[in-house]
Amino acid sequence: MMSETNLRRALFSLLSIILIVLTAGVIGPLAPAHAQNACDGLVTPRLTSGGAARVISQYGLSMKNRAATGAAGASELAVLPYGTTIALTEAYTCNFGYVWWPIRLADGTTGFIAEGDASNYYLEPYTVGQHYYARSSDGAQIVHYLILPDGSSELQNVFPITPASGTPSQLWQPVETAWLTKAFEAVKTGCPERLAGTGLENATNETVLTTALPPLDYDFYPSPDGSRMVLVRHQHLVLPRCTSTVPERIGMSTVSIVEANGAERVLFPFPQHGTVPGSQDHYKPGEPTPWIVSLDEVVWSPNGKYVAFVAAYQDLCQGALCYRYHMYISNLETGQLYVTGEGRHVGWSNGGETINYFRLITGDLNAQNPHLYTMKPDGTNRQEVWLPGGARYVSDSRAPYGFPWNDGGTRVLVGNAGIAEVMLFTLSDRSFTPPVGVPDLTPLANRLMVGLIGGEKTLLWATIRGEFLTQSVSSGQWTKLTSEVASTGVAPRHVTPFPLVNRALIEMVDGSAYVLDLDADQLIPVRFEG
């Protein structure tokens, strides 16, 4: 016979078995345990190991020494501005709520960076290349290529440009038609021989306003991604002057956005002889030019949302010829045009939501002092960045120095006292790199461009003859490359460094192009396809 204690134990075991049987049909069999995937719930990686990527976080992205957050003990190696290109060296990993990639920068620095979190991407896939645009001989189309670092090319699209026919009486504002009538009468009366060989040789005071204007006289400025461009049509007549060998431009220019399919949207027109906006700043004239009003800078924001226009106005300052500079910023999403006031030498930062610019303001004893400002594209939140003395930040004449901003708008090349030495100025802490002497071959008169390469540790200089030099930003040591295009007999037009790799695209005035391999000191002819 069971004891009372054993009876209770037996009943407890029986009840436990019954409970398990009853609940098994409800909760099912127990599944084996698995470790949670750290990538679950995060963005799907879009990048490829061995490929390249570009930072698309507006205010930049932190690069760490390991695949972890600062809260988890990782150290910040750098903050990479919007648009920075990086090489992806190995496979990604997921940790602390982020997808991490091991990366290498253009200067060789390595670290880790987050592609995204649970809902946002901070990087996008990127093909290392440079956009190239070839205008047809008649101007009726612009062919867009992507040039790769090996010299090959990929045809992207063809922009059709519709001819704009018309006459001064049809297309010009009254201020220009009145100016043409007066100026043409002065030439007919004072020096009619200067009209010989021009399109106005047989015109009369009555017919000059019905003269056909050039249908495809334009300049163009492509967007960063090459999907559209700013088109500036010049509906001008060029008229000789009796008192100068420099002719005069009379007429209207029209600024438009052209899409890849040729659709054109007008942003604004501007005449050659309109009123100069009220100004305080003034600049010396530089070389004679027939332009009374021109667009001195057309600079797209990195995100393609805005375009900054810097208009140069010829004026009289205390009886002498001078120039004024005013900025206009177009918001392409809303169609608004912001009139932001005086300024020049612009650089975009924060992915295109902040713009930096300089002014040259006349102070006591007529001294012209440089000032640097930042603001939102609509002109709000304007703040001045205090500039240390002793540096030459902006040209005091119509001819710019050609000193570049970096891609992130965080640093700018400036002169030391004069412009025989240069250094990089960082806006955040107002610091300078050591001043280094400009190479002997690249004084301003002989200079085609200067740009930043190798993670902003090296300067690339190019001359108007087609010679190339590299220079250390820190030591100033420079080297002239044996590669040069001077021997071709064709002048270079633009030199643009590739991102990430130590190469540059050289565009020639005859439409040909080369890739300059700076490491191998070698020129590679570009092979245009399609």
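Calculation criteria
Residues numbered from 1 in each chain as written. Predicted model: local features only at pLDDT ≥ 70, side-chain atom pairs only at ≥ 80, totals over all residues. Heavy atoms only, no water. 1 Å grid on protein atoms, 1.4 Å probe; cavity = no way out; pocket = protein on both sides within 12 Å on 5 of 7 lines; lining within 4 Å. Points joined across faces, edges and corners; volume = space filled by probe spheres on them. Helix = DSSP H or I, 4+ residues; strand = E, 2+ residues; numbered from the N terminus. Disulfide = S-S within 2.5 Å. Buried < 20%, exposed > 50% of the residue type's maximum accessible area, 1.4 Å probe, protein only. Polar contact = N/O pair within 3.5 Å; in protein donor to acceptor, adjacent residues only side chain to side chain. Contact = heavy atoms within 4.5 Å.

(A) Broad picture of empty space enclosed by the protein. Under the counting rule described, the total for this entry stands at one cavity of 30 Å³ or more. What the largest cavity holds in volume is close to 40 Å³. Every residue lining the largest cavity is listed: L413, V422, M423, L424, T433, P434, V436, L459 and V473. No other element matches the three residues that strand β26 (residues 421–426) contributes to the lining of the largest cavity.

(B) Fine view of the layout of surface pockets. As a volume, the second largest pocket reaches approximately 430 Å³. Lining the second largest pocket are 21 residues, with W179, A183, R241, E248 and H273 positioned closest to its centre. Only α3 (174–190) and β17 (306–317) provide two or more residues apiece to the lining of the second largest pocket. With five residues, the single largest contributor to the lining of the second largest pocket is α3.

(C) Spotlight on the state of the cysteines. Taken as a whole and judged by the stated rule, the model has three disulfides. What connects to what in the chain, once the bonded cysteines are numbered by sequence position, is 1-2, 3-4, 5-6.

(D) Examining the side chain of R324 more closely. Along the chain, R324 turns up in strand β18 (residues 320–331). With relative accessibility at 12%, the residue R324 sits in the buried group. Reaching out from R324, the side chain makes a polar contact with the backbone oxygen of D281 at a distance of 2.9 Å. A distance of 3.2 Å separates the side chain of R324 from the side chain of D315, its partner in a polar contact. Excluding anything up to four places from it in sequence, R324 contacts V276, S279, Q280, D281, H282, A311, A312, Y313, D315, L316 and C317.

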